Amino acid sequence: MTVLDQRLLRTNPELIATQLGRRGMQLDIQALQRLASEERDLQEQRSDLQAEGNRIGKEVGQCIRTGAAADSPAVQQLREQGNRIKQQVAALEEQEKALASRLHAEIAALPNLPSAQTPDGRHEADNVEVKCWGTPRVEAGLEEHWQIGERLGLFETERSVRIAQSRFITLLGQGARLERCLIQFMLDLHSRKGYREVLPPILVNSASLTGSGQLPKFAEESFRCADDDLWLTPTAEVPITSFHRDEVLPGDQLPLRYVAYTPCFRREAGSYGRDTRGLIRLHQFNKVELYWFVHPQQSEQAHAALTADAEAVLEALELPYRKVELCTGDLGFSAARTFDLEVWLPGAGTYREISSCSTCADFQARRSSIRCKDAKGTQLVHTLNGSGLAIGRTMAALLETGQQADGSVSLPAALWPYFGSDRITAD
RNA sequence: GGAGAGGUGGCCGAGUGGUCGAAGGCGCAGCACUGGAAAUGCUGUAUAGGGGCAACUCUAUCGAGGGUUCGAAUCCCUCCCUCUCCGCCA
């Protein structure tokens, strides 16, 4: 796995330092460069020695073929030379390996370079609102979704702790039904637009997590199966990236567009006390994910199109939202550029992230070795992903947005055929 | 879980110690033939890294990692994966 364009490190290290600087990272680029050039020197020495060894090997073959005895002095001498070289090579190789794994570890921990378009900024507050859709419902006395859910018996928190632990939820009755309908509705919507539906494994190996950028840096964010090299996937992005790992995709097949429903599992380390009630922040949640593999030249339009496809879900569900472009300081590890969609929660009186649509440029493609082939040769593809949408948060938004004075919740027309009713009422 | 068979280039498939990065075929590209195409013929066609303006050249890679050897796709060890049969199972 190559995790950073090594050529870039050699030819334009300043670019790396500057771009990571925009993320607020202080990077000792010289130290990295020194490591890389040391490694290259060793590699050169080693391969020269190996060339010499290969030459001797061939010479021995030559001698024997032309009639020299296998134990003749000439052959003996060549053997000794060969052995000496073998030892030297082994010694160099050991150093080289140590150096390479150090270099690799340092590089693998570096996040993606932000896109040129990504606005500079230090944190969430510097994100840029680029669009608002719909009219947010603003009234006094509206309930939050967890109050509605508890009142209507849509889900159960306390017993879920008994089953698992906190931050797990059990959906019940109309709540379970709505969750299922939303998954189906979103899959249908995207499939109609030409997305190919995928239902991947949700246990993934370390190579998959590394390939999409969750490892090595965010090991503490995922649940791991202790006896196997398997983890519970934090997002469908991981299995889908690896679906094409180590492949050369025919250029005329691009873009490949996938839509996947999966449960997602996150440890949510460091979020104690935040969003403890309801559906917002859970260790296990459902999500429909959009994922594109595209030719590098098309990734910018693709990013706009993917984001629009996610927006279309909110619009079909009549949920007011705003679209925010993340600043460099708020960008995820693998992303070069990201639009977040934030849905309006009338009960909470706030916008909450419900989809995050990112282009990773060639970052994941490099880590996962996914290339495409066209007339000009092979090159890394670009990968893009976005939620279309997070199901639990969608339900929260629907509950808060549709709440009525009589205690029921009215649903958008798009869901009626799926849900079999235009509203949720007390059982 | 038990028994057996396997893992070689974009794909199929040959190769049991040296001249093998690897026959042959398919596919793909170019050229010839054709009014155009098909068929046919010829030529070319792996990836990554290093050096060189370039022609080119060096190294590594035959599931992964170790070992034997001057020399390993080929022999030995460990692991992973796939397939077949049996058992178990939603």
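The rules we used
- Residues numbered from 1 in each chain as written.
- Chains lettered and ligands numbered in written order.
- Predicted model: local features only at pLDDT ≥ 70, side-chain atom pairs only at ≥ 80, totals over all residues.
- Heavy atoms only, no water.
- Pairing = 2+ DSSP bridges.
- Helix = DSSP H or I, 4+ residues; strand = E, 2+ residues; numbered from the N terminus.
- Axes fitted to C-alpha atoms, helices over the stretch in contact; angles between N-to-C directions.
- Contact = heavy atoms within 4.5 Å.
- Buried < 20%, exposed > 50% of the residue type's maximum accessible area, 1.4 Å probe, protein only.
- Disulfide = S-S within 2.5 Å.
- Parallel < 35°, antiparallel > 145°, perpendicular 65-115°, else oblique.
- Left-handed = near helix turned anticlockwise from the far one by under 90°.
- Nonpolar A, V, L, I, M, F, W, Y, C, P; charged D, E, K, R; others polar.
- Phe/Tyr/Trp six-rings, centres within 6.5 Å; stacked < 30°, edge-to-face > 60°.
- Patch = residues over 30% accessible without salt bridge, like charges linked within 9 Å, V, L, I, M, F, W, Y side chains within 5 Å.
- Areas by Shrake-Rupley, 256 points an atom, 1.4 Å probe, with all protein chains shown as cover.
- Salt bridge = Lys/Arg side-chain N within 4 Å of Asp/Glu carboxyl O.
- Lys, Arg positive; Asp, Glu negative; His and termini not counted.
- Charge placed at Lys NZ, Arg CZ, Asp CG, Glu CD.
- Near = heavy atom within 4 Å.
- Polar contact = N/O pair within 3.5 Å; in protein donor to acceptor, adjacent residues only side chain to side chain.

Chemist: What's the story with the sheet that holds strand β11 (residues 321-325) in this structure? I'm lost.
Modeler: Across a sheet, paired strands are connected by hydrogen bonds in the backbone, their directions being either parallel or antiparallel. Read from one edge to the other, the open sheet built from 8 strands follows the order β1-β11-β12-β13-β16-β10-β9-β4, with strand pairing classed as mixed. Looking at the sheet topology across the chains shown, the edges are occupied by β1 (128-133) and β4 (196-198). Adjacent strand axes in the sheet meet at a mean angle of 25°, parallel and antiparallel pairs treated alike. Pairing of β11 with strand β12 (residues 337-345) involves 5 bridges; the strand directions are antiparallel. Among the inter-strand pairings, Arg322 is bridged to a residue of β12, identified as Glu342. Against the sheet, helix α7 (residues 173-192) touches β4, β9 (256-265), β10 (284-294) and β16 (382-390), its axis set at about 10° to β10.

Chemist: Hey, could you run me through helix α2 (residues 13-22) in this one?
Modeler: Three or four residues apart is the spacing at which side chains of an α-helix point the same way, because the helix has 3.6 residues per turn. Burial in α2 covers these residues: Pro13, Ile16, Ala17, Gln19, Leu20 and Arg22. Along its buried surface, α2 packs onto α1 (6-11) and α3 (29-65). Directly beyond the C-terminal end of α2, a positive phi value near 90° is found at Gly24.

Chemist: What exactly am I supposed to notice about the state of the cysteines here?
Modeler: Joining two cysteines, a disulfide is a covalent bond between their sulfur atoms. Evaluated as defined, the whole model comprises 0 disulfides. Free of any disulfide, Cys372 has its nearest neighbouring cysteine sulfur in Cys360, separated by 16 Å.

Chemist: Help me out: how do you make sense of the environment of Ile148 in this one?
Modeler: The topology assignment puts Ile148 in helix α5 (residues 145-152). Other than its neighbours up to four places away in sequence, Ile148 contacts Glu143, Leu399, Glu400, Gln403 and Val409.

Chemist: Please explain the packing of α7 against helix α12 (residues 391-402) as it appears in this structure.
Modeler: Helix-helix packing is described using two parameters, namely the angle between the two axes and the distance between the axes. Two elements in contact, α7 and α12, have axes whose closest approach is 10 Å; the angle formed by their N-to-C orientations is 115°. If you check the angle between α7 and α12, you find them roughly perpendicular. Where α7 crosses over α12, the two elements pack in a sense that is right-handed. Counted together, Gly175, Leu178, Glu179, Leu182, Ile183 and Met186 of α7 and Ile391, Gly392, Thr394, Met395 and Leu398 of α12 form the full contact between these two elements. Partitioned by chemical class, the residues of the contact of α7 with α12 number 7 nonpolar, 3 polar and 1 charged.

Chemist: Please explain the sheet that holds strand β5 (residues 203-204) as it appears in this structure.
Modeler: If you trace the 3 strands from one edge of the open sheet to the other, you get β5-β7-β6, paired in antiparallel fashion. One side of each edge strand has no neighbouring strand; the edge strands of this open sheet are β5 and β6 (224-225). Strand direction decides the pairing type here: β6 and strand β7 (residues 230-232), joined by 2 bridges, are antiparallel. When the bridges of β7 are listed, Cys225 appears paired with Leu230.

Chemist: In this structure, what is going on with the packing of aromatic side chains? I would like to understand it.
Modeler: One pair of aromatic rings is described through two measures. These are the centre distance and the angle between the planes. For the structure shown, the criterion picks out 9 aromatic pairs. Here Tyr258 and Phe293 contribute two aromatic rings whose centre-to-centre distance is 6.1 Å and whose plane-to-plane angle is 85°, an arrangement assigned as edge-to-face. One end of the pair, Tyr258, is in strand β9; the other, Phe293, is in strand β10, and 35 residues separate them in sequence. The buried category is assigned to Phe293, whose relative accessible area is 0%. Taking 4.9 Å as the distance between ring centres and 45° as the angle between the ring planes, the aromatic pair formed by Tyr291 and Phe293 counts as tilted. The class for Tyr291 is buried, based on a relative accessible area of 0%.

Chemist: Where do I start with a negative patch on the surface in this structure?
Modeler: Together, Glu38, Asp41, Glu44 and Asp48 make up a region of like negative charge exposed at the surface. In this fold, Glu44 is placed in helix α3. For Glu44, a relative accessible area of 51% puts it in the exposed group.

Chemist: Hey, could you run me through the pairing of β10 in this one?
Modeler: The side chains of a regular strand alternate, residue by residue, between the two faces of the sheet. A large share of β10 lies buried, amounting to 10 of its 11 residues. The pairing of β9 with β10 spans 10 bridges and is classified as antiparallel. Bridge assignment links Ala260 to a residue of β10, and that residue is Glu289.

Chemist: Whenever I open this one, the protein's contact with RNA strand B confuses me. Can you help?
Modeler: Around RNA strand B, the structure places 21 residues, and the nearest of them are Arg10, Gln43, Gly57, Arg65 and Lys97. The sugar and phosphate moieties of RNA strand B supply 65% of its atoms located within 4 Å of the protein. Within the contact set of RNA strand B, a sugar or linking oxygen lies 3.2 Å away from a side-chain nitrogen or oxygen of Arg46. Measuring from a phosphate oxygen of RNA strand B, one finds a side-chain N or O atom of Asn54 at 3.1 Å. Looking at which element gives the most residues to the surface near RNA strand B, the answer is α3, with 13 residues. Of the residues assigned to the surface near RNA strand B, the class counts are 3 nonpolar, 8 polar and 10 charged.

Chemist: How should I be thinking about the environment of Gln253 in this particular structure?
Modeler: Tracing the backbone shows Gln253 in the loop between β8 (247-250) and β9. By relative accessible area, Gln253 is classed as partly exposed at 46%. Taking the C-alpha atoms as reference points, Gln253 and Ala226, separated by 27 residues in sequence, lie 39 Å from one another.

Chemist: Sorry, what's going on with unusual backbone geometry here?
Modeler: With glycine set apart, most residues show a phi of negative sign, and most peptide bonds adopt trans. A cis amide bond links Leu215 with the next residue in sequence, Pro216, at an omega value of 0°. With respect to the element layout, Pro216 can be found in the loop between α8 (206-212) and β6. Between Gly388 and Leu389 the backbone carries a cis peptide bond, its omega angle lying at 10°. Mapped onto the secondary structure, Leu389 falls in strand β16. Backbone geometry places Ala361, a non-glycine residue, at a positive phi of 50°. Here the phi dihedral of Ser369 falls at roughly 50°; this positive angle occurs in a residue that is not glycine. Counting through the fold element by element, Ser369 comes out in the loop between α11 (363-368) and β14 (370-374). Classification of Ser369 as partly exposed rests on a relative accessible area of 23%.

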